[in-house]
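# Topology and contacts: notes
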Amino acid sequence: MTSLWLSILFLPFKGLQAALVLFAVVSTVLLSWALLSKYKNTVGFYIRTVASQLCGAGLFSHKQVLVGRYACLLALFILPFFVRDYFLDVAILVGIYVILALGLNVVVGFAGLLNLGFVAFYALGAYTYALLNTKLALGFWTALPFSVGLSAIAGFLLAVPALRLRGDYLAIVTLGFGEITRLILNNWDSLTMGPNGISGISSPTILSLSLGKLSYFYYLVLLFVLLTIFVTRRVYSSKIGRAWVAIREDEIASSIMGINATMYKLYAFAFGAFWAGLAGAVFAAKMQFVSPESFTFMESVLILCMVILGGLGSIWGVILGAFILVLLPEMLREIQLYRMLTLGAGLVLLMVFRPQGLFGGKGVSLRS
Amino acid sequence: MFLQQLINGLTLGSVYALIALGYSMVYGILELINFAHGEIYMLGAYLGIIFLAFFTAIGLTAYNLPLSLLLTIILSIIFCSCYGFTMEKIAYKPLRNAPRLSPLISAIGVSIFLQNYVMLTQGATDKVFPHIFGAAGFQFMSVRMTFLQLCIILTSLILMVVLRFFVRKTRMGTAMRAVAQDKTMAALVGINIDTVISVTFIIGSGLAAVAGLMVAMYYGLVNYYIGYIAGIKAFTAAVLGGIGSIRGAMVGGILLGLVESLGGSYISGEYKDAYAFVILIIILLIKPGGLFGKAELEKV
């Protein structure tokens, strides 16, 4: 029934033949799903066993996990000696997205505030560096504090009025902010060169050593990623992090406990925007070119997907989410066209079947 | 010049109002921002083009133009309503008791899915709606109003009056208002909530389909991403008028259309799309209830 219904809906868009194909595919999927759910308990048991083995719950000792972690780190450090430039390129991209996703995770995952305009802060960081570098000839390290600081301040300023709103309205206001930022970048021709973008941004240097070479840049990104992981982890387990979680779980209850909810939400916004600014500056330095096209709403959604896919609030989950969503389309070039389609369907399926994400922590909920 | 922009604004505004009604009704009942509602409008525009092309291909258009146009409109509305219905069943119904942000994220997913679905099946280039109305109209001093513009404004007004009647006077309308007030109580007095929600989605999608068709005829061009921006604008209209209120959606839509066309010609055309966002943000910050809405209290 369902498959017939869907095929009829599909019919006008691609004609009879495609609709028949869709009918066959959906029927097979639904039938096998029905068959599977008959053996639900056994299958579920196997999946759970495999999953727990993968996650290492109880199977690996603390020591083994630590060793594994250091091995991974070592592998990441020696990576440039073994792989081609193309892989380094992808790895740098992954790194930038990991920083972004971790930043958004602070806002959405820790504090439970849906921010759909996250890309605005990313854009702000990138454009700040691009402008300071091309107009005032400031180097990466001098411009970086401005990039990061400006993004954080913008996050703070947006949050001051916006936080008076409830969850879904807040999401829409942040979305509006993101779109306005992009429109300004697109139309303020005298400053941002409009849709042409800014080119000729220079690479960062350390003691007159240019990091333009891919492998050097890789180390720079790796260091920033490690810094992000380290700092967000520390903050998460600090007093501020606890306050965020308390607010996310129940704002009214937490404010009765004496937590100044507005203040901590402001911190969350500014702190998240801080990382977006960092990622933006790194992105501008890597590409040596910025244009409004890189900062669309879809980019915000992509980062949000990374956070949700991996598991809201879980740092390792989010990193994995960024890995998956950057690497998959890179590896399977042919499916690039279908990337957004799958992403959309994936969001729905995740929300329906596994709202805590693939590797989500326990007890993380999407309240606000 | 001013009057001309006024008429353009009214035309645009009545389209926004029609889409805004869908947002408003769904929000009134489910407290969900149906992010994918704009895509239904886009589907409506595409379906109109597809069906009209189909009727042209089988020769009906040449034989009897009004009949084929009528069939196109009816079929598009039916299909869009079915899309709306299916969307609710797949993406929102399982999340009815989930935390508030889950259905919103799911709605974003549906929106992206539908956009790319149309892009992949129909191509990424602009689609042309055949010129059947031409530019016929009447001239009044320096102001021109085409028949199509008049048609759009009148159709929207009639549909809104009918909807108001439906919600106020019929049995189903009463049930809808009851569910909007309190779902549990409505269920206790024997109202089938699932049916009411489905009907809401069907009506909202039907209205969006009409809006999509009219825009396709008006501009003559459609693209797979028109739904996103139109959706945001219609949402702004709904919020402006007070979300959940039918009269508010009407007024909000027309106001927004006027602001856009007047602002576009007197202030800056480049930032035309930004006006909606600015209005939205200002309204939400100053008077979140909108012009006709009432302030909401958060319950513990």
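Here, the structure is the one placed above.
What you are looking at is a predicted structure, and each value in this text was computed from that prediction instead of being measured.

## What to know about the overall build of chain A
When helices and strands are counted, chain A shows 15 helices and four strands. Going through the 368 residues of chain A one by one, you find that 41% of them count as buried. Summarising the internal contacts of chain A: among those between residues at least 6 apart in sequence, 76% fall at separations of at least 24.

## What about the overall build of chain B?
Of the regular secondary structure elements, chain B holds twelve helices and four strands. At 19 Å, chain B has a C-alpha radius of gyration in line with the 19 Å of a compact globule built from 300 residues. For chain B, the C-alpha atoms occupy an extent of roughly 55 × 45 × 40 Å along the three principal directions. The burial tally for chain B puts 51% of its 300 residues in the buried class.

## Side note on the packing of helix H4 (residues 85–110) of chain A against helix H9 (residues 214–236) of chain A
All names here are of chain A. At a closest axis distance of 9 Å, the pairing of H4 and H9 adopts a crossing angle of 20°. The orientation of H4 with respect to H9, classified from their angle, is roughly parallel. Crossing angle aside, the handedness with which H4 passes H9 is left-handed. Side by side, H4 and H9 meet where Asp85, Leu88, Asp89, Ala91, Ile92, Gly95, Ile96, Val98, Ile99, Leu102, Val106 and Phe110 of the first sit next to Leu214, Ser215, Phe217, Tyr218, Val221, Leu222, Phe224, Val225, Thr228, Ile229, Thr232 and Tyr236 of the second. Residues belonging to the contact of H4 with H9 are distributed by class as follows: 18 nonpolar, four polar and two charged.

## Describing the interface of chain B and chain A
Opposite the 44 residues of chain B that make contact, chain A presents 37 residues. Looking at the side of chain B that touches chain A, the elements that each hand over two or more residues are helix H2 (37–57), helix H4 (65–92), helix H5 (101–122) and helix H12 (272–286) of chain B. Residue classes in the side of chain B that touches chain A are distributed as 33 nonpolar, seven polar and four charged.

## What to know about helix H5 (residues 118–136) of chain A
All names here are of chain A. When the terminal C-alpha atoms of H5 are compared, their 27 Å separation across 19 residues agrees well with the 27 Å that a helix rising 1.5 Å per residue should span. Extensive coverage of H5 is indicated by the burial of 16 of its 19 residues. Two residues or fewer after H5 comes Ala137, characterised by a positive phi angle close to 55°.

## Re the nonpolar core
All names here are of chain A. Within the largest apolar cluster, 202 residues are counted, with the highest numbers of intra-cluster contacts made by Ala101, Ala268 and Met306. Sort the elements by how many residues they give to this core and helix H12 (residues 261–287) lands first, with 17 residues. When sequence neighbours within four positions are dropped, the list of residues in contact with Ala268 reads Val106, Val107, Phe110, Ala111, Leu113 and Trp244.

Quick notes on the rules
Starting from 1, residues in each chain are numbered consecutively following that chain's sequence as written. Here chains are named by letter from A upward and ligands by number from 1 upward, in the order in which they appear as written. Given that the model is predicted, a residue must reach a pLDDT of at least 70 before its local features are reported, and side-chain atom pairs must reach 80 or more before they are shown or counted; all residues, however, enter totals for whole chains, interfaces and linings. What counts as a helix is a DSSP run of H or I of at least four residues, what counts as a strand is a run of E of at least two, and both are numbered from the N terminus. Labels follow a simple rule on C-beta atoms placed from the backbone: if 20 or more others lie within 10 Å of a residue's own, it is buried; if 12 or fewer, it is exposed; otherwise it is partly exposed. Here, residue contact means that the backbone-derived C-beta atoms of the two residues sit within 7 Å. Each radius of gyration is computed over the set of C-alpha atoms, and the globule rule expresses the reference value as 2.2 Å times the number of residues to the power 0.38. The convention used is that axes are lines fitted to C-alpha atoms, helices contributing only their stretch in contact, and that angles between N-to-C directions extend from 0 to 180 degrees. In what follows, roughly perpendicular refers to angles from 65 to 115 degrees, roughly parallel to angles under 35, roughly antiparallel to angles over 145, and oblique to any angle outside these ranges. The handedness criterion is simple: a crossing whose near helix is rotated anticlockwise from the far helix by less than a right angle is left-handed, and one whose near helix is rotated clockwise is right-handed. Classification used: nonpolar for Ala, Val, Leu, Ile, Met, Phe, Trp, Tyr, Cys and Pro, charged for Asp, Glu, Lys and Arg, polar for all others including Gly. Between the first and last residue of a helix there are one fewer steps than residues, each counted as 1.5 Å, and that sum is the expected span. Here, a nonpolar core means buried Ala, Val, Leu, Ile, Met, Phe, Trp, Tyr and Cys residues linked by C-beta atoms lying within 7 Å of one another.

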